[in-house]
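Remarks on the overall topology
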Amino acid sequence: MKNNGKKASITVFLALILSLLLSLICTSIQSVRMASSRMQILNSMDIGLYSLFGQYDRKLLEDYELLALDGSMGGGRLNLAEICNNLESYMKPVLSQNGRKLKLKQSGLTGYSLLTDHNGEVFYQQIVQYMRDTLGSQGVQLLLNRMSERERKTQEADKNANTAESGDTVENYDSAMDKAAQESKNAQETPKGEFSTGQGNNSVVQPPSAVKNPITVIKRIMKMGVLELVLPLGKGISGKEINTGTLLSGREQQKGMDMPDGTTAENSYTASILFQQYLLDHLGNYTDPSTCGLAYQMEYIYGGRDNDMDNLKSVAAKLLFIREGVNFACLMADTGKRAQAEALATAIAAGFLVPPAAVVIETALILCWAFAESVLDVRELFAGGRIPLVKTSDQWQISLVNLSELMSGLDTFRRSDDSGMSYEDYLQVLILTVPKGKKVLRSMDMIENSIRSQGRPHFCLDSCIVALEAFADVNAENRKDFQVIRQYAYE
């Protein structure tokens, strides 16, 4: 009996131990089930976000290398409720796997970033990163070297053009001649009938026919429309117009919800050059017009007008102005051409019998010569040719003696130079002068307008999502509620 009593006490002890072990095992199993459920919930959220962002806008990617989700789901305005429903539709099949009793109670968005946020900085940086990846470090450096040199020379040309224009020598030619004639008259007695210094715009008598004075001819040409002068015969002008009030720059933009990782502005010179190159590669211009939206999209980036003609006119006028500056500087540095201008000026002054006017006439001649050469330059650019940014004497197209024949020789005097810059090259340099904010906004206008013209009239770039943070509350096994938060972004 004593031994039996001992055996009974051991059995009770073991039973107690086993109950504890069993409780521990059950608790562990339940813990594993909860951990497994939590992992399944996390997976469902990840898969839901991956699937949601897998619906990126195909047109943006194919045509513009931009990754973004159309958050309007085709409606034009952000539809956050539909985005949540879409996310849940991808999560629920994952939650129902493996026989788990996982019930999605609610979901929502705690943050999202739009392509147009921060004045288009998100859009800008995605493009810059794409260009870095595409060109590589060596390609980026080559592009920088080429563009920085062109920009420096163009700025010098712009300065020269402003200096030349500030003199107003051509515009004030008649009054300057009147003044010189009066000075000559006061200096010595002039026989009656040789010249007249009467009052009014026609006070100056023209020199004898033996000496051609091209200044009056060029003055009349300067008053003509710039497109009439520089557009080659047979090449039409697009008449397309847009309603800028409906585009991104003309309406109140939708804004994103701040994400934990904010966007820092990228203002480096390298980024601006890369962005410019992207625009040239993806937007239309006069020599390679777009078939969607405005034809001259690059010209819109520069001019910002609502029609192709006005934008083209603004580019043509600026190109003519820059070429005048370059050509004026070239003439002033060319002793041979300066001597020709001085000789003709002396002859014209002698014909007027006003020797003091020779200096005024010489300066006016140089400006007229630079203008005529610039007309031929820009006309050649619009014809698809190439013009050096800075010319040598041998690359000059029109001679001083042919200056009066400019209009009849618009398409015979001009010629292309393979070592020069094309219209697109000059256009890039012009757009470098446009402030970053305007440049980014106008480029978004053109992309939006282009996609709208292809059968999606309600498309809005400020409805395009590039990053999102979402949460979900899920009940597991009717025991515990889990909340998961996940972020996803296009990179």
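What comes next is a walk through the structure. (Residues numbered from 1 in each chain as written. Predicted model: local features only at pLDDT ≥ 70, side-chain atom pairs only at ≥ 80, totals over all residues. Heavy atoms only, no water.)

What the chain contains, in helices and strands, is 14 helices and 4 strands. The burial tally for the chain puts 49% of its 491 residues in the buried class. When contacts within the chain are restricted to residue pairs at least 6 apart in sequence, those whose partners lie at least 24 apart make up 78%. Summing over all exposed atoms, the chain offers an accessible surface of approximately 23900 Å²; the carbon and sulfur share of this is 51%. (Helix = DSSP H or I, 4+ residues; strand = E, 2+ residues; numbered from the N terminus. Buried < 20%, exposed > 50% of the residue type's maximum accessible area, 1.4 Å probe, protein only. Contact = heavy atoms within 4.5 Å. Areas by Shrake-Rupley, 256 points an atom, 1.4 Å probe, with all protein chains shown as cover.)

Look at helix α14 (residues 436-452): 24 Å from first C-alpha to last across 17 residues, which is about the 24 Å you get at 1.5 Å a residue. Of all the 17 residues making up α14, 13 are buried; the element is thus mostly covered by neighbouring parts of the structure. (Expected span 1.5 Å × (residues − 1).)

On to the nonpolar core. Counting residues in each nonpolar core, the largest one holds 130 residues, and the members touching the most others are Leu60, Phe382 and Ile447. Apart from the residues lying within four places of it in its own chain, the contact partners of Phe382 are Val230, Leu231, Pro232, Lys235, Tyr286, Leu312, Ala316, Leu319 and Tyr423. (Core = buried A, V, L, I, M, F, W, Y, C linked by side-chain atoms within 4.5 Å.)

Taken together, the side chains of Phe13, Leu14, Ile17, Leu18, Leu20, Leu21, Leu24, Ile25 and Ile29 present a nonpolar region at the surface, about 890 Å² in accessible area. Its place among the elements puts Ile17 in helix α1 (residues 2-53). Owing to a relative accessible area of 33%, Ile17 belongs among the partly exposed residues under this scheme. (Patch = residues over 30% accessible without salt bridge, like charges linked within 9 Å, V, L, I, M, F, W, Y side chains within 5 Å. Salt bridge = Lys/Arg side-chain N within 4 Å of Asp/Glu carboxyl O.)

Turning to the side chain of Ser463, a few remarks are in order. When you line up the elements, Ser463 lands in the loop between α14 and β3 (464-476). With relative accessibility at 0%, the residue Ser463 sits in the buried group. A polar contact is formed between the side chain of Ser463 and the side chain of Gln254, at a distance of 2.8 Å. Look past the residues within four positions of Ser463 in its chain and what remains in contact with it is Leu69, Asp70, Gly71, Ser72, Gly76, Arg77, Leu78, Leu114 and Gln254. (Polar contact = N/O pair within 3.5 Å; in protein donor to acceptor, adjacent residues only side chain to side chain.)

Within the structure shown, the criterion is met by 12 aromatic pairs. Look at Tyr286 and Tyr423: their rings are 6.3 Å apart centre to centre, the planes differ by 70 degrees, and that puts the pair in the edge-to-face class. Placement of the pair is Tyr286 in the loop between α8 (269-282) and α9 (297-303) and Tyr423 in helix α13 (residues 423-432), with a sequence separation of 137 residues. Seen in terms of ring centroids, Phe382 and Tyr423 are 4.9 Å apart; in terms of plane orientation they differ by 40 degrees. Their pairing is tilted. Of this pair, Phe382 sits in helix α12 (residues 358-382) while Tyr423 sits in helix α13, and the two are 41 residues apart along the sequence. What makes Phe382 buried here is its relative accessible area of 0%. Clustering of aromatic rings is evident, with ring pairs tying together Tyr50, Phe53, Tyr488 and Tyr490. (Phe/Tyr/Trp six-rings, centres within 6.5 Å; stacked < 30°, edge-to-face > 60°.)

Bringing the pattern of salt bridges into the picture now. One pass over the full model with this rule turns up 19 salt bridges. Close ionic contact of Arg456 with Asp57 constitutes a salt bridge, the shortest N to O distance being 2.6 Å. Note that Arg456 is positioned in the loop between α14 and β3 and Asp57 in the loop between α1 and α2 (58-64), a separation of 399 residues in sequence. Assessed through its relative accessible area of 27%, Arg456 is described here as partly exposed. Look at Asp57 and you get buried, because its relative accessible area is 5%. A salt bridge links Asp462 to Arg251; the shortest N-O distance between them is 2.6 Å. A residue pair is termed long-range when its members are at least 10 positions apart, and Asp462 in the loop between α14 and β3 and Arg251 in the loop between α7 (226-230) and α8 qualify at 211 residues. Each of Arg251, Glu448, Arg452 and Asp462 takes part in a single network of salt bridges with overlapping partners.

The subject of this paragraph is unusual backbone geometry. Outside of glycine, negative phi angles account for most residues, and trans bonds account for most peptide bonds. Of note, His118 is a non-glycine position whose phi angle comes to about 55 degrees, a positive value. Mapped onto the elements of the fold, His118 is located in helix α4 (residues 117-166). One non-glycine residue, Asn119, adopts positive backbone phi at about 60 degrees. Tracing the chain through its elements places Asn119 in helix α4. For Asn119, a relative accessible area of 67% puts it in the exposed group.

In this section: the environment of Glu362. Position of Glu362 relative to the elements: it lies in helix α12. When neighbours within four sequence positions are excluded, Glu362 is seen to be in contact with Arg338, Ala341, Glu342 and Ala345.

The next thing to look at is the side chain of Ser290. Positionally, Ser290 belongs in the loop between α8 and α9. Of note is the side chain of Ser290, whose polar atom sits 3.5 Å from the side chain of Gln297. The residues contacting Ser290, other than those within four sequence positions of it, are Lys240, Gly284, Ala295 and Gln297.

The next thing to look at is the packing of helix α6 (residues 214-222) against α12. Their axes nearest at 10 Å, the elements α6 and α12 cross at an angle of 45 degrees. Relative to α12, the element α6 is oriented oblique. The two elements α6 and α12 cross, and the hand of that crossing is left-handed. Where α6 approaches α12, its residues Pro214, Ile215, Ile218, Ile221 and Met222 are matched on the opposing element by Ile361, Ala364, Leu365, Cys368, Phe371 and Ala372. Its residues assigned to classes, the contact of α6 with α12 comprises 11 nonpolar, no polar and no charged. (Axes fitted to C-alpha atoms, helices over the stretch in contact; angles between N-to-C directions. Parallel < 35°, antiparallel > 145°, perpendicular 65-115°, else oblique. Left-handed = near helix turned anticlockwise from the far one by under 90°. Nonpolar A, V, L, I, M, F, W, Y, C, P; charged D, E, K, R; others polar.)

With that out of the way, let us pick up the pairing of β3. Two faces make up the sheet, and in a regular strand the side chains alternate between them. Most of β3 sits inside the fold, with 13 of its 13 residues counted as buried. In terms of strand pairing, strand β1 (residues 69-70) meets β3 through 2 bridges, oriented antiparallel. In the sheet register, Asp70 faces β3, and the bridge partner there is Cys464. Where strand β2 (residues 102-114) and β3 come together, 11 bridges link them in antiparallel fashion. Residue Ser113 lies in a different strand from β3, and its bridge partner there is Ala467. (Pairing = 2+ DSSP bridges.)

Going through the model one piece at a time under the given rule, you end up with 0 disulfides. Take Cys460: it sits in no disulfide, and the sulfur closest to it among the cysteines is that of Cys464, at 8.4 Å. Judged by its relative accessible area of 9%, Cys460 falls in the buried class. Cys464 gets classed as buried once you look at its relative accessible area, which sits at 0%. (Disulfide = S-S within 2.5 Å.)

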